[in-house]
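# A structural walkthrough
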There are 2 protein chains.
Amino acid sequence: MAKKKKEAPITGITVSKEEDFSAWYTELINKAELADIRYNIKGFVVYREWATITIRKMYKKYEDLLDKKGHLPLTMPSLIPESNFLLEADHVKGFSPEVFWVTEAGTSGKLPERLALRPTSETALYKMYSLWIRSYKDLPFKRYLSCQVWRYEGKMTRPFFRGREFHWIESHNVFATMEDAMEQVKEDMETTYQMLQDECCIPLIFFERPQWDKFSGAEKTFAADALMGSGKVLQLPSTHLLGQKFSIPFDVKFVDTDGKEKYGYQTCYGPAQSRNYGAMIAYLGDDNGLVLPFDLAPIQIVIIPILFKGKEEPILAKAKVIFEILKKKYSVKIDDSDESAGSKFYYWELRGVPIRIEIGPREIEKEQLVLIKRHDSKKFIMKEKDLEKKVNEIAQNYTKEIKKKSLIDFESQIELCYEKDAAIEAINNGKIVCCGFCSIDMDAYHCAEVVEKEIGGFVRGKRVDEEKHEFATCLICGKPAGCTVYIAKSY
Amino acid sequence: MAKKKKEAPITGITVSKEEDFSAWYTELINKAELADIRYNIKGFVVYREWATITIRKMYKKYEDLLDKKGHLPLTMPSLIPESNFLLEADHVKGFSPEVFWVTEAGTSGKLPERLALRPTSETALYKMYSLWIRSYKDLPFKRYLSCQVWRYEGKMTRPFFRGREFHWIESHNVFATMEDAMEQVKEDMETTYQMLQDECCIPLIFFERPQWDKFSGAEKTFAADALMGSGKVLQLPSTHLLGQKFSIPFDVKFVDTDGKEKYGYQTCYGPAQSRNYGAMIAYLGDDNGLVLPFDLAPIQIVIIPILFKGKEEPILAKAKVIFEILKKKYSVKIDDSDESAGSKFYYWELRGVPIRIEIGPREIEKEQLVLIKRHDSKKFIMKEKDLEKKVNEIAQNYTKEIKKKSLIDFESQIELCYEKDAAIEAINNGKIVCCGFCSIDMDAYHCAEVVEKEIGGFVRGKRVDEEKHEFATCLICGKPAGCTVYIAKSY
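Residues numbered from 1 in each chain as written. Chains lettered and ligands numbered in written order. Predicted model: local features only at pLDDT ≥ 70, side-chain atom pairs only at ≥ 80, totals over all residues.

### Points about the overall build of chain A
Helix and strand counts for chain A stand at 15 helices and 23 strands. Since a compact globule built from 491 residues should have a radius of gyration of about 23 Å, the 26 Å found for chain A is in line with a globular shape. Excluding contacts between residues fewer than 6 apart, the proportion of contacts in chain A whose partners are at least 24 apart in sequence is 68%. (Helix = DSSP H or I, 4+ residues; strand = E, 2+ residues; numbered from the N terminus. Rg over C-alpha atoms; globule rule 2.2 N^0.38 Å. Contact = placed C-beta atoms within 7 Å.)

### A closer look at the pairing of strand S17 (residues 355–359) of chain B
Regular strands show a simple pattern: their side chains alternate between the two faces of the sheet. All names here are of chain B. The buried count for S17 comes to 5 of 5 residues, which makes it a mostly enclosed element. Pairing of strand S15 (residues 301–305) with S17 involves 5 bridges; the strand directions are parallel. Within S17, the residue paired with isoleucine 304 across the bridge is glutamate 358. Where S17 lies against strand S18 (residues 368–373), 4 bridges are found, and the strand directions are antiparallel. Each residue of the ladder has a partner; that of glutamate 358, found in S18, is valine 370. (Buried ≥ 20, exposed ≤ 12 C-beta atoms within 10 Å, placed from the backbone. Pairing = 2+ DSSP bridges.)

### So, the sheet that holds strand S5 (residues 100–105) of chain A
Strand pairing in a sheet relies on backbone hydrogen bonds. The paired strands run either parallel or antiparallel. Across the sheet, 6 strands lie side by side as S4(A)-S6(A)-S5(A)-S5(B)-S6(B)-S4(B); this open sheet has antiparallel pairing. Two strands close off the open sheet at either side, each with one partner strand: strand S4 (79–81) of chain A together with strand S4 (79–81) of chain B. Within the sheet, the average angular offset between the axes of one strand and its neighbour, ignoring direction, is 45°. In this sheet, strand S5 (residues 100–105) of chain B lies alongside S5(A) in antiparallel orientation, the contact comprising 5 bridges. Note on S5(B): the bridge partner recorded for A:Val102 is B:Val102. (Axes fitted to C-alpha atoms, helices over the stretch in contact; angles between N-to-C directions.)

### Things to note about the domain arrangement of chain A
For chain A, the assigned domains are domain 1 (21–284), domain 2 (299–397) and domain 3 (411–490). A separation of 41 Å is found between the C-alpha centroids of domain 1 of chain A and domain 2 of chain A. (Domains from an automatic or database assignment.)

### Digging into the interface of chain B and chain A
Listed as interface residues are 43 residues of chain B and, on the opposing side, 42 residues of chain A. Secondary-structure elements contributing two or more residues to the side of chain B that touches chain A are strand S2 (46–47), helix H2 (49–68), strand S3 (72–74), S4, S5, strand S6 (109–117) and helix H5 (122–132) of chain B. Sort the elements by how many residues they give to the side of chain B that touches chain A and S5(B) lands first, with 6 residues. Each residue belonging to the side of chain B that touches chain A can be placed in one class, and the counts come to 24 nonpolar, 10 polar and 9 charged. (Nonpolar A, V, L, I, M, F, W, Y, C, P; charged D, E, K, R; others polar.)

### Structural notes on the sheet that holds S15(B)
All names here are of chain B. If you trace the 5 strands from one edge of the open sheet to the other, you get S16-S15-S17-S18-S19, paired in mixed fashion. Both outer strands of the open sheet, strand S16 (332–334) and strand S19 (379–383), are each paired with one neighbouring strand and no more. For this sheet the average axis-to-axis angle between neighbouring strands, irrespective of direction, equals 20°. Sitting on the sheet, helix H9 (residues 312–326) is in contact with S15, S16 and S17, with an inclination near 170° to S15.

### Notes on helix H1 (residues 21–31) of chain A
All names here are of chain A. Along H1, the residues that are buried comprise Trp24, Tyr25, Leu28 and Ile29. The arc enclosing the buried residues of H1, seen along the axis, measures out at 135°, which places them on a common side. Each element contacted by the buried residues of H1 is listed here: strand S1 (35–36) and helix H8 (273–284). Just downstream of H1, glutamate 33 is the residue with a positive phi angle, here 50°. (Arc of directions from axis to C-beta.)

### Section: the relation of the copies chain B and chain A
For the pair of chain copies, the relating operation is a rotation around an axis with a shift along it. The transformation that overlays chain B on chain A combines an axial shift of 0.0 Å with a rotation of 180°, and the residual RMSD is 0.0 Å. Taken together, the rotation and translation describe the operation of a two-fold axis. For chain B, the minimum C-alpha distance to the rotation axis belongs to B:Val102 and amounts to 2.1 Å. When the interface residues of chain B are mapped onto chain A, 98% of them again lie at the interface, so the same face is used by both copies. (Least-squares fit on C-alpha atoms with pLDDT ≥ 70 in both.)

### Side note on H5(B)
Of all 11 residues that make up H5(B), 8 are buried, and the element is covered over most of its length. Within H5(B) the residues assigned to the buried category are B:Glu122, B:Thr123, B:Ala124, B:Leu125, B:Tyr126, B:Lys127, B:Met128 and B:Tyr129.

### Regarding unusual backbone geometry
At the junction of A:Leu139 and A:Pro140, the peptide bond is cis and its omega measures out at -5° in the coordinates. At B:Glu367, a position not held by glycine, the phi torsion is positive, near 50°. The topology assignment puts B:Glu367 in the loop between helix H11 (361–366) and S18. With 10 C-beta atoms packed within 10 Å, B:Glu367 lands in the exposed category.

### Focus on the nonpolar core
Counting residues in each nonpolar core, the largest one holds 291 residues, and the members touching the most others are A:Ala226, A:Ile487, B:Ala226 and B:Ile487. If near-sequence neighbours (up to four positions away) are discounted, B:Ala226 is found in contact with B:Ile202, B:Pro203, B:Leu204, B:Val233, B:Leu234, B:Leu236, B:Ala279 and B:Tyr283. (Core = buried A, V, L, I, M, F, W, Y, C linked by C-beta atoms within 7 Å.)

### What about the environment of A:Ile432?
Residue and element names in this part refer to chain A. Within the element layout of this structure, isoleucine 432 appears in strand S21 (residues 432–437). For isoleucine 432 and valine 302, which are 130 residues apart along the polypeptide, the C-alpha to C-alpha distance reads 40 Å. If sequence neighbours within four positions are ignored, isoleucine 432 has contacts with Gly231, Gln413, Ile414, Tyr486 and Ala488.

### Structural notes on the environment of A:Gly70
Tracing the backbone through its elements, the reader meets A:Gly70 in the loop between helix H2 (49–68) and strand S3 (72–74). With 294 residues separating them in the primary sequence, A:Gly70 and A:Ile364 have C-alpha atoms 53 Å apart.

### Points about the confidence of the model for chain A
Model confidence for chain A is summarised by a mean pLDDT of 94, while 98% of its residues fall at 70 or above. Note that residues 1–9 of chain A has pLDDT below 50 and, in this model, 13 contacts with residues that lie over four places away or in other chains. (pLDDT = per-residue confidence, 0-100.)

### As for the pairing of S5(B)
Residues and elements named next belong to chain B. Here S5 runs beside S6; their pairing, made up of 4 bridges, is antiparallel. Residue pairing for S6: alanine 105 is matched across the bridge by glycine 109. Linking S5 to S6, which pair antiparallel, is a turn of 3 residues; within it glycine 106 sits at a positive phi near 55°.

Set out below in structure tokens:
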């Protein structure tokens with residue numbers, strides 16, 4: 001997807017994405033002013049204007065999708081009493097190393113109980129659910145929070161990909177039966193595809209995670225891995241079948257149609273909006289900077305008057321006329337700053353504005369306009385009267401075009417491996433390994449440790465859509481294979 | 001505004017707003033399920049679905065207004081290092097008693113530095129501003145955050161009015177001159193009127209607060225007091241002229257057109273969305289429950305099929321037809337639950353749904369529809385073909401009608417007082433006192449203390465719009481009056 005860098009203007013990115021993804025990403029973040037890592041707490045960054053606007057648009061789309069599917073929003077306190085937190089044993093074990101604690105307040109000193117900055121909201125919410133849910137009539141009970149969470153990350157942080165404070169949606173649902181809960185998990189996976197694959201153009205595949213890699217407190221975890229096209233994957237939203245693991249300790253009960261009191265079956269789902277943003281810009285961006293889906297661009301069309309001394313007036317007037325026409329439907333900006341036309345081109349390319357319209361003396365003379373599409377650099381010259389139609393056409397197809405160009409076929413990324421050495425080579429060659437494995441239950445954990453240590457990848461789990469490959473034996477121990485799994489490096 | 005309660009169905013409110021505002025408000029919150037105070041940390045509440053949806057709509061409107069006026073959004077970490085916090089002396093003095101401190105994380109125990117849960121973001125943001133702002137070309141620099149803040153409140157909390165975690169917008173701006181900064185303060189006041197008076201129908205008046213009541217670290221504070229119609233006021237958004245009080249310690253400098261480096265002039269503005277919501281529902285609500293502006297209602301139209309055994313089918317079919325027509329433009333719901341028609345009426349009245357459409361056997365027979373407006377209970381009977389037009393008409397006028405009915409004339413609320421005893425009586429009679437005062441500078445603080453202690457009200461400050469009244473002497477000490485002030489009780 002990346003192409004070699006031909007020239008490196010001062011305002012542009014100087015590293016090729018293909019050659020050094022990590023350096024490229026850092027430059028993109030800095031030069032397009034998406035985040036500032038200089039905030040003086042380790043692991044905490046500022047999301048700047050351009051990123052904040054797109055993330056806000058992503059929230060709106062995600063919330064609309066959830067609303068349509070019968071979820072309702074709630075607002076929860078961000079502090080959780082330690083006593084709540086301790087109620088589910090696996091959960092506390094999993095999250096304890098990551099919790100920030102509020103212990104003091106005001107001038108009165110120590111608080112009577114430590115308060116956790118929510119790392120996730122199960123233990124805050126489900127206490128309330130036990131008060132709110134009474135009868136089968138209240139089910140399904142589907143709610144979500146749009147909020148931020150804090151985690152004292154041990155791993156290296158990177159803006160949007162991983163930070164100690166990040167912004168997400170968490171959806172928490174209660175059902176009368178395990179089957180209904182499992183249907184919700186499926187709906188969540190569908191929602192993920194709708195948002196991240198259709199709207200953000202990120203290719204995904206869902207895996208059922210191995211038991212040793214599930215959400216702390218879940219029965220099962222299903223997670224989307226973004227295919228980054230380099231063999232390395234990035235975990236995006238995951239949805240968890242909690243079953244009754246929380247409803248019992250948190251007393252989330254309902255009176256069923258038969259008059260009996262029963263514990264609910266729960267699911268939770270956590271699309272991290274900041275990470276989705278990071279994945280999107282990392283995946284779609286090129287050596288000129290950001291590429292953004294049309295709906296998610298803070299500015300969709302930039303008009304650049306190319307000014308020559310003495311000829312400014314008709315050019316600026318024309319720019320203004322076009323601005324007035326287009327702003328009715330789109331987010332438009334005229335860049336009439338003092339910078340050179342070239343600098344303006346680089347500036348807005350770097351920021352991923354989908355459409356650039358140029359108006360110079362020649363355009364005035366010939367009564368025409370020049371239009372350039374960001375994602376494929378295609379140039380169109382047209383009469384002014386044809387502009388609106390052309391813009392509408394581009395607006396309608398822009399995201400679809402990116403998606404078509406960007407979506408990777410999962411099958412083309414994998415290599416079937418029957419032996420450990422082949423798997424090591426495949427991983428080193430930037431492939432995802434597909435192989436036989438004992439199982440994804442805890443008793444296969446020793447084989448997974450070997451994978452991590454010797455192959456240098458992680459068992460991502462069993463694919464959720466149709467499995468096309470079958471193996472006789474486990475790649476590691478050679479015993480009869482219980483399932484097919486995929487092994488990949490991850491960000 | 002409130003009327004006597006005639007009947008009290010189980011689902012309705014049993015206390016008259018006029019007789020006992022406080023008990024009425026508590027019932028409204030509980031019965032309309034707007035907030036839940038049972039969350040197990042003192043002063044922290046859950047905002048439930050119905051409130052969250054309206055607050056989200058309020059955010060959208062406020063953000064759109066700010067965007068239009070040239071502000072851009074940012075996302076800041078919610079933790080602030082103690083060392084930042086200590087940079088501005090007045091600020092730290094004012095906020096120290098209210099800060100929650102994060103001191104521990106994970107299993108590694110104590111953090112090297114205490115981290116404040118932001119009570120407000122000046123000390124986080126302005127460190128970044130000093131990195132971002134370089135030249136006069138960067139000014140005006142207008143940004144805002146949509147976020148929550150935490151304050152260890154000593155005062156009694158009440159859902160939405162005052163809590164230890166609340167949701168607001170904070171706008172932080174930098175200008176080249178004090179005059180530009182003061183223009184921003186005026187713009188903020190205008191924005192407040194546009195949002196809170198025009199959209200939320202809350203009558204407001206802006207006061208320049210006395211020096212002893214200004215924002216910690218500001219030169220001057222201008223705050224909107226909502227006129228609650230009982231002599232008691234509620235402070236809503238305030239905007240602060242910070243001048244150079246933060247730009248100097250935080251090093252927010254720019255190179256001016258003359259090539260010289262100068263400190264910027266700053267303002268900040270903090271509309272608390274949760275409190276605005278509280279003020280709105282408290283002010284507009286009546287003894288049947290919520291009254292909401294049309295745009296801010298989570299559901300704008302509820303269709304209630306009145307079902308009789310054996311006659312359900314044509315009624316439900318008609319409801320569905322109407323639903324399909326109206327849902328193109330409005331947020332509509334059919335309530336086809338098992339509850340009685342009467343219970344449904346109460347339920348949706350309580351939640352302030354602006355339009356109720358009833359369809360029963362008679363409506364089918366006569367080919368007509370019954371429509372009821374929530375805020376004035378006006379009933380309309382019409383042919384189905386006229387429905388859409390009628391709904392559009394109501395939708396367009398509903399908020400204006402509430403506003404017309406609700407806005408109180410400030411002059412009618414005040415009583416001119418020339419002596420302390422008259423002021424005491426006026427305050428006890430639910431009036432706002434207008435009187436002469438030494439000044440609103442610190443040297444008048446001793447007079448303000450007398451006001452608080454003996455009159456039982458607070459000096460709200462000098463009104464910002466045109467002052468209509470003049471006094472010869474200070475109400476308290478009898479010395480020549482420096483200005484006219486207003487004294488009121490406050491929530």
